[in-house]
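Below, each chain spelled out in residue letters.
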Amino acid sequence: MRDLAQMEVPFLDLRAQHLSLEVELTAAFQRVLRDAVFVGGPELDRFESEFAAYCDVTEAVAVSSGTDALRLAYLAFGVKAGDEVITVPNTFIATTEAMSQAGGRVKFVDVDPSTLLMDPSQLEAAIGPRTVGVVPVHLFGTPADMNAIVKVARKHGLWVIEDAAQAQGARYRGARCGGLGDGAAFSFYPGKNLGACGEAGAVTSNDRARLSSVRKLRDHGQNQKYFHDCEGYNARLDSLQAAFLRIKLRRLDEWNEARRRAASLYRERLKLLSDVAVVEAPRDTSPIHHLFVVRVPRREAVMAELRKRGVGTGMHYPVPLHLQKAYGHLGLGAGAYPVAEQAAREILSLPIYPSISVDQIDYVCESLTRYFAGC
Ligand SMILES: *Cc1c(COP(=O)(O)O)cnc(C)c1O
C-alpha cells in the first residue's frame, strides 16, 4: 500500500469539466447572445435531434428539468386522478413527486439486493386494478432489468417510462437507455453525466403522438402561439442551455468511458477489502457510473473518517421515500420494503467524475483500507 500524503478528493468536481470547455462554451454564449433567440430556435431544435440520435429514438423533447420531464411524460401517458404508478422507494423524490403532481398515486416495489434496482420478480404482486404504469429508475447510471419489467407490464397492459435521469448513454443488452420502454425522462442537472450550466431535462420516445403531447404541455398547451388546446405549463428549455448541452453531448461517450476506467480501478483496489462491498451492475448492462456506490458497516463513522482525510462522499439516498415525512400519508412503516431499507443504512457514494486521477482513487481506497484495517 502506498502512503499518500493528505489530499483533497471532492465528491464532485464540475470545474475541471468546464475549464476544458471554456472557449467553446463562451463562444456558444456569444452566439446565442448575438442571435438573441433565447427560448426555442435552432439551438434547441438541433439539441433535440442530436440527443434523439444519441439515444437511438425517433424524437426527443427538451424541457426545463428532469422533474418536468417526468411530470410531462406522466401526463402525456394519461395519468389522472386515482391512477396508480409503480416505482422503487430508493430514488430521488422527483420520480414520485411528479406522479402525485400529475394526479397519480404512488405505489412502491422493492429492489434487487445485489443491484438495488427494481426487482422484476416482485412487480406482478404490486400491480392492482388502478395501476396504469411502471417507472423503473436506472439508479447510479445502471440500467434496470428492462426486458423482465416490460414483459410483466405488457402482460397487464401497462406503459413503462424509464427514469433515465442518471443514465445518459448507458446501455442495456446493447441498446441505449431512453428507448427501452414507452418513454423516458432525462435530467441534465449540472451534476449529471450530461449536465447543463443550469436546469434542463428531456423526454425521449419512439411514440410521436405522446411526444407531441409533451411538446404541447411544455408550452402552455399550444402548438401555435395563442391557440391553446389545453392548459399546460411553462416547462421550456432555454436556448442557451441547449447550446451548452450540444457541446457537452459530443464529449459524453469519452466522459462515460473515463468514469468506467475510474470504476474498474475502484473495484480492483477494493477487491480485497471485505468490509467494502461494491454494488455491482448486471452483466448485460453497460453502466455509466453516475455514482460509484459501495456498502459498508458503520457508514456514518466511515464518512466522518473520510471527511477528515479530505475525501467527500454522499448517500443516494439516506431515507427511502416510503419512510419520508412527505409520504407519511401512505401509511407504509419500517419493514415495508426491507431491501431498500437495509441498503439505505449501508450505502456510501465515493467520488467519481471523468477527471478523477489514479492518485485520487488510490488515496480514497487507501483511506478506506486504513479505516477498516484499524491503522
Ligand atoms: C436528478 C434526478 C431527477 C430530477 O431531475 P432534475 O433535473 O433535478 O429535476 C429525477 N430522478 C432521478 C433518479 C434523479 O437522479
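Note that the structure is predicted; figures quoted are calculated from it, not measured. (Residues numbered from 1 in each chain as written. Predicted model: local features only at pLDDT ≥ 70, side-chain atom pairs only at ≥ 80, totals over all residues. Heavy atoms only, no water.)

**Comments concerning helix α9 (residues 239-249)**
Note the threshold: Remark: exposure states derive from per-residue accessible area (1.4 Å probe, protein chains only) relative to the maximum for the residue type, with buried under 20%, exposed over 50%, and partly exposed in between. Where helices and strands are cited, they refer to DSSP runs of H or I of at least four residues and of E of at least two residues respectively, numbered from the N terminus. Any two residues having at least one pair of non-hydrogen atoms within 4.5 Å are treated as being in contact.
Of all the 11 residues making up α9, 10 are buried; the element is thus mostly covered by neighbouring parts of the structure. Within α9, the full set of buried residues consists of Ser-239, Gln-241, Ala-242, Ala-243, Phe-244, Leu-245, Arg-246, Ile-247, Lys-248 and Leu-249. As for α9, its buried residues are in contact with α1 (14-20), α2 (22-35), α3 (42-55) and α10 (252-270).

**Digging into the packing of α2 against α9**
Rule in force here: The angle between two axes is taken between their N-to-C directions and runs from 0 to 180 degrees, where each axis is a line fitted to C-alpha atoms and a helix contributes only its stretch in contact. Oblique is the label for every angle not falling under 35 degrees (roughly parallel), over 145 degrees (roughly antiparallel), or within 65 to 115 degrees (roughly perpendicular). Each helix crossing is assigned a hand: it is left-handed if the near helix lies turned anticlockwise from the far helix by less than a right angle, otherwise right-handed if that turn is clockwise. Residues were grouped as follows: Ala, Val, Leu, Ile, Met, Phe, Trp, Tyr, Cys and Pro as nonpolar; Asp, Glu, Lys and Arg as charged; and all remaining residues, including Gly, as polar.
Two elements in contact, α2 and α9, have axes separated by 9 Å at closest approach and are oriented at 150 degrees. Relative to α9, the element α2 is oriented roughly antiparallel. Two packed elements cross with a definite hand, and for α2 against α9 that hand is right-handed. Residues Glu-24, Leu-25, Ala-28, Phe-29, Arg-31 and Val-32 of α2 pack against Ser-239, Leu-240, Ala-243, Phe-244, Arg-246 and Ile-247 of α9. Classifying every residue of the contact of α2 with α9 gives eight nonpolar, one polar and three charged.

**Let's talk about unusual backbone geometry**
The linkage connecting His-316 with the following residue, Tyr-317, adopts the cis geometry, with an omega of 10 degrees. On the secondary structure map, Tyr-317 appears in the loop between α11 (299-308) and α12 (338-346). Notably, Asp-56 is not glycine yet its phi reads approximately 60 degrees, a positive angle. Assignment of secondary structure puts Asp-56 in the loop between α3 and β1 (59-63). The phi dihedral of Phe-140 falls on the positive side, at around 65 degrees, and the residue is not glycine. Take Phe-140: it is sitting in the loop between β4 (131-134) and α7 (146-155).

**Topic: the sheet that holds strand β14 (residues 292-295)**
This is how it is decided: Strands are labelled as partners when DSSP assigns at least two bridges between them.
Strand order in the open sheet formed by three strands is β12-β14-β15, and the pairing between neighbours is antiparallel. With partners counted over all chains shown, the strands left at the sheet margins are β12 (277-278) and β15 (347-350), one partner each. Seen against the sheet, α10 touches β12, β14 and β15 and runs at an angle of roughly 20 degrees to β14.

**Some words on the sheet that holds strand β7 (residues 175-176)**
Overall, antiparallel pairing links the three strands, which are arranged β7-β6-β13 in an open sheet. A single partner strand is all that each edge strand has here, and the edge strands are β7 and β13 (285-286). As judged from the two bridges shared by strand β6 (residues 171-172) and β7, these two strands associate in the antiparallel manner. In the strand pairing of β7, Arg-171 is matched with Arg-176.

**A word on the environment of Ala-277**
Locating Ala-277 in the fold gives a position in strand β12. Between the alpha carbons of Ala-277 and Glu-346 there is a distance of 9.7 Å; along the sequence they are 69 residues apart. Setting aside its immediate chain neighbours within four residues, Ala-277 contacts Val-293, Val-294 and Arg-295.

**Points about the site of the ligand**
Worth spelling out the cut-off: Near, as used in this document, describes a residue that has one of its heavy atoms within 4 Å of the molecule or strand being considered. We define a polar contact as two N or O atoms separated by no more than 3.5 Å, with the added condition that, inside protein, one atom must be a possible hydrogen donor and the other a possible acceptor, whereas residues neighbouring each other in sequence contribute only through side-chain atom pairs. All accessible areas in this document rest on Shrake-Rupley with a 1.4 Å probe, and a residue is counted as covered only by the protein chains that are shown.
Taken together, 17 residues sit near the ligand, with Gly-66, Thr-67, Gln-166, Ser-187 and Lys-192 positioned nearest. At 3.0 Å, a side-chain N or O of Lys-192 approaches an oxygen atom of the ligand. Relative to its free-state accessible area of 380 Å², the ligand is covered by the protein chains to the extent of 93%. Of all the elements in the fold, those that place two or more residues in the shell around the ligand are α4 (66-76) and α5 (94-101). At three residues, the largest contribution of residues to the shell around the ligand is made by α4.

**Quick look at the pattern of salt bridges**
Using the following cut-off: For salt bridges, the criterion is a side-chain nitrogen of Lys or Arg within 4 Å of an Asp or Glu carboxyl oxygen.
Overall, the coordinates contain 28 salt bridges when judged by the stated rule. The salt bridge involving Glu-24 is made with Arg-251; its shortest N-O contact spans 2.6 Å. Of the two residues, Glu-24 sits in helix α2 while Arg-251 sits in the loop between α9 and α10, which places them 227 residues apart along the sequence. Of the residues examined, Glu-24 reaches a relative accessible area of 29% and is grouped as partly exposed. Residue Arg-251 is classed as partly exposed on the basis of its relative accessible area of 21%. With its nearest N and O atoms 2.2 Å apart, the salt bridge here joins Asp-68 to Arg-71. Here Asp-68 and its partner Arg-71 are both found in helix α4, three residues apart, which amounts to about one turn of the helix. For Asp-68, a relative accessible area of 12% gives the class buried. Classification of Arg-71 by relative accessible area gives buried; the value is 15%.

**Some remarks on the nonpolar core**
Let me state the cut-off plainly: Here, nonpolar core means buried Ala, Val, Leu, Ile, Met, Phe, Trp, Tyr and Cys residues that are tied together by side-chain atoms lying within 4.5 Å of each other.
Among the nonpolar cores identified, the biggest contains 87 residues, and Phe-51, Tyr-74, Trp-159 and Phe-188 are the most heavily contacted of them. Aside from chain neighbours lying at most four places away, what touches Phe-188 is Phe-47, Phe-51, Gln-168, Leu-194, Gly-195, Ala-196, Gly-198, Ala-200, Gly-201, Ala-202 and Leu-245. Core analysis: the next-biggest nonpolar cluster, separate from the first, contains 27 residues, Tyr-266, Leu-270, Ile-352 and Tyr-363 among them.

**With respect to the pairing of strand β5 (residues 159-163)**
The following threshold applies: For a crossover, the right-handed case is the one in which the path from the first strand over the helix to the second runs clockwise, viewed with the strands pointing away from the viewer.
Where burial is concerned, most of β5 is hidden: five out of the five residues are buried. Side chains of β5 alternate between two faces, with Trp-159, Ile-161 and Asp-163 and Val-160 and Glu-162 buried alike. In the sheet, β4 pairs with β5 via two bridges, with the strands oriented parallel. Counterpart to Gly-133 in the pairing with β5 is Trp-159. Regarding the hand of the β-α-β motif, the stretch spanning β4, α7 and β5 is right-handed. Summarising the sheet, β5 and strand β8 (residues 183-187) pair through three bridges and their orientation is parallel. In the sheet register, Ile-161 faces β8, and the bridge partner there is Gly-183.

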